[in-house]
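Residue strings, one per chain:
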Amino acid sequence: MAISPPSDILSEVARAADPARYQAAAQSLLQGAAPVSGLSFEDTVRSVSARPIGGGADVYQIRNSLRNDAESAAAVKSKRTAQEFEAFILQSFVESMLPKNAENVYGKGNAGSIWKSMMAERIGAQVARTGGIGIAEQILGVKK
């Protein structure tokens, strides 16, 4: 027994629903969309590429600026990583403090344990995001 669906089910459904609206939508897609307002993407790229890089900045200033941006991005990434580690540790602490036999609150079986774990994860992440208990600062070597 073989099933032979139509070649384009979506197209057939669209035609059956409202053929006039289907034709109007197909026509507008064929015409392409004009920019809503202002310059097109191509015009914007041309205008930006015509401008000089900076107001008299030399190559060394640009290099130093890019290097500083990269260092600050690395610092932000390491801070976020330390916060995520602290959130993980806090999740373990919170999960161990939550009541074990509270099926009325968490639910029964695997669903209840997953819900309890997810709640502990969210609590740990929020505590870490709002300052934590100092684990991230210890890792980063930063004093408040």
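Above this text you will find the structure in question.
Residues numbered from 1 in each chain as written. Predicted model: local features only at pLDDT ≥ 70, side-chain atom pairs only at ≥ 80, totals over all residues. Heavy atoms only, no water.

**Section: the packing of helix α4 (residues 59–97) against helix α6 (residues 109–129)**
1) Next: With their axes 7 Å apart at the nearest point, α4 and α6 run at an angle of 130° to one another. The angle between α4 and α6 falls in the class oblique. The element α4 and its partner α6 pack so that their crossing is right-handed. Mapping the contact onto sequence places Q83, E86, A87, L90, Q91, V94 and E95 in α4 and K116, S117, A120, E121, I123, G124, A125, V127, A128 and R129 in α6.
2) Next: In terms of residue class, the contact of α4 with α6 is made up of eight nonpolar, four polar and five charged. (Axes fitted to C-alpha atoms, helices over the stretch in contact; angles between N-to-C directions. Helix = DSSP H or I, 4+ residues; strand = E, 2+ residues; numbered from the N terminus. Parallel < 35°, antiparallel > 145°, perpendicular 65-115°, else oblique. Left-handed = near helix turned anticlockwise from the far one by under 90°. Contact = heavy atoms within 4.5 Å. Nonpolar A, V, L, I, M, F, W, Y, C, P; charged D, E, K, R; others polar.)

**With respect to α4**
1) Next: The end-to-end C-alpha distance of α4 is 57 Å, a good match for the 57 Å that 39 residues give at a rise of 1.5 Å each.
2) Next: Listed in full, the buried residues belonging to α4 are A82, E86, A87, L90, Q91 and V94.
3) Next: Among the structural elements, α6 and α7 (135–140) are those in contact with the buried residues of α4. (Expected span 1.5 Å × (residues − 1). Buried < 20%, exposed > 50% of the residue type's maximum accessible area, 1.4 Å probe, protein only.)

**Focus on a nonpolar patch on the surface**
1) Next: On the surface, F93, M97, I123, V127 and I133 cluster together to form a nonpolar patch covering roughly 470 Å² of accessible area.
2) Next: If you list the elements that add at least two residues to the nonpolar patch, you get α4 and α6.
3) Next: Assessed through its relative accessible area of 43%, F93 is described here as partly exposed. (Patch = residues over 30% accessible without salt bridge, like charges linked within 9 Å, V, L, I, M, F, W, Y side chains within 5 Å. Areas by Shrake-Rupley, 256 points an atom, 1.4 Å probe, with all protein chains shown as cover. Salt bridge = Lys/Arg side-chain N within 4 Å of Asp/Glu carboxyl O.)

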